[in-house]
Amino acid sequence: DMAISNGGDGTLTVLLGSADGTFQPLTDPNTTVPLVVQSGADPQALAMADLNSDGRLDLAAANQSANQVTILIGNVSGGFDPLSAAIPVGNGPSSISVGEFNGDSRVDLVVANKLDNTILLLFGNGDATFTLSAPVPFPGPERLLVADADRNGLLDLLVAGPTVGSLLGSEEPAQGIAVEARNLNGERVGSVYYLDASGQVLPGAASTASNGAFIILNVPVGPDPIVLVRAVSGAAGSALIDVFVDGVSYIKLRTISLQPFVVSVQGVTYDPVGPPPAGVPIGSVNIQLLGMDIQTQSSASGDYSFTVDANSEYIVKLFFDIPSR
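Treat the numbers as computed from the prediction; the structure is a model and nothing was measured.

A. Local environment of the sheet that holds strand 15 (residues 143-147). Taken in spatial order, the three strands make up an open sheet running 15-16-17, and their pairing is antiparallel. The sheet is open, and its two edges are formed by strand 15 and strand 17 (164-167), each paired on a single side. Strand-to-strand twist of the sheet, defined as the mean angle between neighbouring strand axes without regard to direction, takes the value 20°. Where strand 15 and strand 16 (residues 156-160) come together, five bridges link them in antiparallel fashion. Across the sheet, Leu-145 pairs through a bridge with Leu-158, a residue of strand 16.

B. The arrangement of the side chain of Thr-118 in detail. Residue placement: Thr-118 occurs in strand 12 (residues 118-124). Of the polar contacts made by the side chain of Thr-118, one reaches the side chain of Asp-116; its length is 2.8 Å. Not counting the four nearest positions on each side in its chain, Thr-118 is found in contact with Val-111, Ala-112, Asn-113, Pro-135, Val-136, Pro-137, Phe-138 and Pro-141.

C. Just the pattern of salt bridges, in detail. Enumeration over the complete set of coordinates arrives at four salt bridges. The closest approach of N and O atoms between Arg-56 and Asp-54, which form a salt bridge, is 3.5 Å. The exposure class assigned to Arg-56 is partly exposed, which follows from its relative accessible area of 34%. Residue classification places Asp-54 among the partly exposed positions, given a relative accessible area of 33%. One salt bridge connects Glu-180 with Arg-188, and the closest N-O pair in it is separated by 2.6 Å.

D. Quick peek at unusual backbone geometry. Positioned with a positive phi, Ser-53 is a non-glycine residue whose angle comes to about 60°. Locating Ser-53 in the fold gives a position in the loop between strand 5 (43-49) and strand 6 (58-63). Assessed through its relative accessible area of 55%, Ser-53 is described here as exposed. Its identity as a non-glycine residue notwithstanding, Asn-117 has a phi of 60°, on the positive side. Classification of Asn-117 by relative accessible area gives partly exposed; the value is 37%.

Procedures and definitions
Just so you know, the residues in each chain are numbered from 1, in the order the chain's sequence is written. Residues qualify for local features only when their pLDDT is at least 70, as the model is predicted, and side-chain atom pairs are given and counted only at 80 or more; totals for whole chains, interfaces and linings, by contrast, use all residues. Working from all heavy atoms in the structure, the side-chain values ignore hydrogens and water. Any two strands with at least two DSSP bridges between them are considered paired. Strands are runs of DSSP state E lasting at least 2 residues, helices are runs of H or I lasting at least 4, and numbering of each runs from the N terminus. To obtain an axis, a line is fitted to C-alpha atoms, over the contacting stretch when the element is a helix, and the angle between two such axes runs from 0 to 180 degrees between their N-to-C directions. In protein, a polar contact means a hydrogen-donor-capable atom and an acceptor-capable atom, both N or O and within 3.5 Å, with residues adjacent in sequence counting only if both atoms are side-chain atoms; elsewhere, any N or O pair within 3.5 Å suffices. The contact rule is simple, with two residues in contact once any of their heavy atoms fall within 4.5 Å. Every case where a carboxyl oxygen of Asp or Glu lies within 4 Å of a side-chain nitrogen of Lys or Arg is listed as a salt bridge. Burial here depends on accessible area, computed with a 1.4 Å probe over protein chains only, as a share of the maximum for the residue type. Under 20% is buried, over 50% is exposed, and the range in between is partly exposed.

Here it is in C-alpha cells:
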C-alpha cells in the first residue's frame, strides 16, 4: 500500500496494493466512492509507523505552511483518522522521519524546519502523543535520513540542504530522572538510591545527578525474577530496562572490524549494585558466550579478555559461582 500527500489541497491519497502489483484508491465500503483523508494545510512530507502501539500503521504529516505536524491514526478499514490537535514544530517543516532516539522502545519522530534552520526531535509517549526536544541548529535543512552512519548501534541523522551534514547520535547521562522498580504484578520492589560521581549514595536525593547514576537494592528474588525499571518523572519516555534478579546478567556484544577477522575483547567487570559504593571493579565473574565454546573468568582486579570472530553478534552471560551448601 502507499499514501501520497497532496500539498495543494491538504489531503492524503491512500492506495491499496493488489496482488497483481496494481493499486486501487481506498473507497467507502458502502458507496465505493474514493475516501479523502484530511491531513492539515500543505502536507509536504509523510512518515509511517505504529505511533500508538495498537499494531496498525499510523501517519505523521509535516504541514509546511501551517508549521505543524498532523498525526493520523490508522483504522481497521485501511484509512486514517487525524487527531484533533496538530503539533506545532517550527517554521517551514519540510521533511519528517521515524526513529527511536532516546532508548525507551517507543517510536519517535524527527522534523527538519527549513525556514528557521532547526532540527526538532519528537519523543514518542507510546500513545501518539509526543514530548518535544530543544531545537538543534542546522542551516536550511530540507531532507532527513535516519541511519546508523558510524555503526555504533545508535541512530544518526543525515541532513541535506544548502549543505549536507550529519548529526551523530550519542548516549549521555541524564539529570533529574526519578526511577522505580516493579515486578510483573505491578508491585513496587527494592529501594532506589542515587549516586554521585564517585559511586557514593547521595543522601535524600530524589532523582539522578548529572552523571545519571542510580542503584536499586533489596529486590527480593522470587519465582519470576524479572524486574521492570522505569522512569517515573523527568524523562520523555518511561521504559529504561528489564533486569533479572538472580545474580546473572546477559549483554549483547557486537564486533565490527574490516581487518583483522579475529578480534580481542578486553574489559573490566564492575559491581553494579553494591553494597555502596557501586561501580567498583569486582573479580571472579564468569564470562560465557552462549552457543560458543568460550568461557573465561575475570581476574581479582576485574580484568578479562577473550578472542572472537569479527563482524558478529554474541550473547554474553555474566555470573558468579554459587557456593554449595
